[in-house]
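Chains, contacts and geometry: an overview
The lines below spell out each chain.
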Amino acid sequence: MRTFLPLFLLAALCTASQAVNLIANGGFENSAMGDYQLVGGNDSTTIASWTTIPEGVERFKPGTYLGGVFGSAHEGVVVVDLAPFTYNVGGLYQNVATVASQQYRLTFWGSTSNL
């Protein structure tokens with residue numbers, strides 16, 4: 001049993017080191033803002049680590065914006081609406097460093113509102 005313990009610990013440490021979150025600021029939680037903020041297109045400074053495209057995004061605090069009718073954020077207090085209310089197209093992106101032939105799993109939380 002003693003001979004397997006160091007190998008098991010080494011395997012556990014390797015697995016833990018590979019499970020690194022490559023996405024920076026996944027909760028969009030930077031900069032001072034009120035309950036709502038319209039972030040225009042091609043903006044790479046308002047939301048740290050993200051650049052908006054083409055007509056921008058809406059960023060808001062669902063727990064307090066419009067009386068809290070949108071519920072809560074998955075992480076932190078801010079969410080992003082990819083298609084601003086008065087526009088047809090919106091979005092944001094982030095460049096992520098990857099390694100050739102390495103597999104990655106990207107997950108995200110999404111929701112919709114019928115208000």
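A brief structural summary. Along every chain, residues carry numbers that run from 1 in the direction the sequence is written. Owing to the predicted nature of the model, reporting of local features is limited to residues with pLDDT of at least 70; listing and counting of side-chain atom pairs is limited to 80 or more, with chain, interface and lining totals taken over all residues. Where side-chain values are given, they derive from all heavy atoms of the structure, hydrogens and water being excluded.

Remarks on the overall build of the chain
Secondary structure is summarised from DSSP: a helix means a run of H or I of at least four residues, a strand means a run of E of at least two, and numbering begins at the N terminus for each. Secondary structure assignment for the chain yields 1 helix and 5 strands. Element order for the chain, N to C, with α for helix and β for strand: α-β-β-β-β-β. Throughout, exposure labels follow a simple rule: accessible area from a 1.4 Å probe, protein chains only, divided by the maximum for the residue type, with under 20% read as buried, over 50% as exposed, and the rest as partly exposed. Across the 115 residues in the chain, those meeting the buried criterion constitute 22%. Here, residues are in contact when the closest pair of their heavy atoms is within 4.5 Å. In the chain, of all internal contacts separated by at least 6 residues, the share reaching a separation of at least 24 is 52%.

Here we look at the nonpolar core
With 9 residues, the main nonpolar core is built from Phe28, Met33, Val39, Ile47, Trp50, Val57, Val78, Val80 and Leu92. Leave out the neighbours within four places in its chain, and Leu92 touches Phe28, Trp50, Thr51, Thr52, Ile53, Val57, Val80 and Leu82. Definition of nonpolar core: a set of buried residues of the types Ala, Val, Leu, Ile, Met, Phe, Trp, Tyr and Cys, connected through side-chain atoms within 4.5 Å.

Concerning the side chain of Glu58
Topologically, Glu58 is positioned in strand 3 (residues 57-60). Neither His nor the chain ends contribute to the count of charged residues, in which Lys and Arg are positive and Asp and Glu negative. When a carboxyl oxygen of Asp or Glu lies within 4 Å of a side-chain nitrogen of Lys or Arg, that pair is called a salt bridge. Arg59 provides the closest opposite charge to the buried, unpaired Glu58, separated from it by 12 Å. Definition of a polar contact: a pair of N or O atoms within 3.5 Å, with one able to donate and the other able to accept a hydrogen when the atoms are protein atoms, and with sequence-neighbouring residues admitted only if both atoms are side-chain atoms. Within the structure, the side chain of Glu58 is placed 2.6 Å from the side chain of Tyr36, a separation counted as a polar contact.

Digging into the layout of surface pockets
Grid points spaced at 1 Å and placed over the protein atoms alone form the basis of the search, with a cavity being a set where a 1.4 Å probe fits but cannot get out and a pocket an open set showing protein on both sides within 12 Å along at least five of seven lines. Lining residues have an atom within 4 Å of a point. Grid points are joined across faces, edges and corners, and a volume is the space filled by probe spheres set on the points. In this structure, the largest pocket occupies an estimated 1,800 Å³ of space. Along the walls of the largest pocket sit 46 residues, with Gly26, Phe28, Phe108, Trp109 and Gly110 positioned nearest its centre. At the level of secondary structure, the elements contributing two or more residues to the lining of the largest pocket comprise strand 3, strand 4 (79-81) and strand 5 (91-93). Top contributing element to the lining of the largest pocket by residue count: strand 4, with 3 residues. Split by residue class, the lining of the largest pocket holds 28 nonpolar, 14 polar and 4 charged. Throughout this entry, Asp, Glu, Lys and Arg are counted as charged residues, while Ala, Val, Leu, Ile, Met, Phe, Trp, Tyr, Cys and Pro are counted as nonpolar. The remaining residues, Gly among them, count as polar.

Overview of the environment of Gly90
In this structure, Gly90 sits in the loop between strand 4 and strand 5. A residue is classified by how much of its surface remains accessible, and Gly90, at 24% relative accessible area, is partly exposed. A sequence separation of 50 residues divides Gly90 from Gly40, and the C-alpha atoms of the two residues are 9.0 Å apart. Setting aside anything within four residues of it in sequence, one finds Gly90 in contact with Ile53, Pro54, Glu55, Gly56, Leu82, Ala83 and Pro84.

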